[in-house]
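Observations on chain architecture
Next come the chains, spelled out residue by residue.
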Amino acid sequence: MHNRGYATEAAEAVVHAATDTGRQRLWATVGTGNAPSLRVLAKLGFQHDHVSAEPVGDVAWLTRRLA
């Protein structure tokens, strides 16, 4: 996987591992201001679920079905 970036490759490995172990859904959380991480998750098919206000700032919750 060339020209895709380390974060994308690492996240893809997590998705594959979860699929291989029978998981049906993955959740991801990321700060709403972290545009690069949000792009990686979108590229991998994660969809926005909701935003929560946390002591560290707003956190986006995303999910992806695996099965």
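Anyway, here's the lowdown on the structure attached to this text.

**Looking at the sheet that holds strand β3 (residues 57–65)**
- Strand order in the open sheet formed by 3 strands is β1-β3-β2, with antiparallel pairing between adjacent strands. In the strand order of this sheet, the two ends are held by β1 (25–31) and β2 (47–54), each with one partner. The average angle at which neighbouring strand axes cross in this sheet is 25°, direction not considered.
- Two strands pair when backbone bridges link them, and β1 and β3 are joined in this way by 7 bridges, in the antiparallel orientation. The partner of Thr29 across the bridge, within β3, is Trp61.
- Packing against the sheet, helix α2 (residues 35–43) makes contact with β1 and β3, and its axis sits at approximately 160° to β1.

**A short note on the pairing of β3**
- With 7 bridges connecting them, β2 and β3 associate as antiparallel partners. Along β3, the bridge assignment pairs Gln47 with Thr63.
- Counted along the chain from β2 to the antiparallel partner β3, the turn is 2 residues long.

**What to know about the nonpolar core**
- The biggest cluster of nonpolar side chains holds 13 residues, and the ones touching the most others in it are Leu26, Leu41, Phe46 and Leu62.
- For this core, the secondary structure elements donating two or more residues are α1 (6–20), β1, α2 and β3.
- Residues within four places of Leu41 in sequence aside, it is in contact with Ala28, Val30, Phe46 and Leu62.

**Let's talk about α1**
- Compared with an ideal rise of 1.5 Å per residue, which puts 15 residues at 21 Å, α1 spans 21 Å between its outermost C-alpha atoms and is within 8% of the ideal.
- All of the buried residues along α1 are Thr8, Ala11, Glu12, Val15 and Ala18. Buried residues in α1, looked at end-on, bunch into an arc of 125°, giving them a common side. What points out from α1, more than 90 degrees from its buried face, is the exposed set Tyr6 and Asp20.
- Packed against the buried residues of α1 are β1, α2 and β3.
- Among the residues trailing α1, Gly22 stands out with phi positive, at a value near 85°.

**Regarding the environment of Val51**
- Positionally, Val51 belongs in strand β2.
- Judged by its relative accessible area of 43%, Val51 falls in the partly exposed class.
- The spacing of Val51 and Thr32 is 19 residues in sequence and 8.0 Å in space, taken between C-alpha atoms.
- With residues near it in sequence (within four places) discarded, Val51 still touches Thr32, Asp58, Val59 and Ala60.

Calculation criteria
- Residues numbered from 1 in each chain as written.
- Predicted model: local features only at pLDDT ≥ 70, side-chain atom pairs only at ≥ 80, totals over all residues.
- Heavy atoms only, no water.
- Pairing = 2+ DSSP bridges.
- Helix = DSSP H or I, 4+ residues; strand = E, 2+ residues; numbered from the N terminus.
- Axes fitted to C-alpha atoms, helices over the stretch in contact; angles between N-to-C directions.
- Contact = heavy atoms within 4.5 Å.
- Core = buried A, V, L, I, M, F, W, Y, C linked by side-chain atoms within 4.5 Å.
- Buried < 20%, exposed > 50% of the residue type's maximum accessible area, 1.4 Å probe, protein only.
- Expected span 1.5 Å × (residues − 1).
- Arc of directions from axis to C-beta.

Any link to function would need more than the numbers given here.
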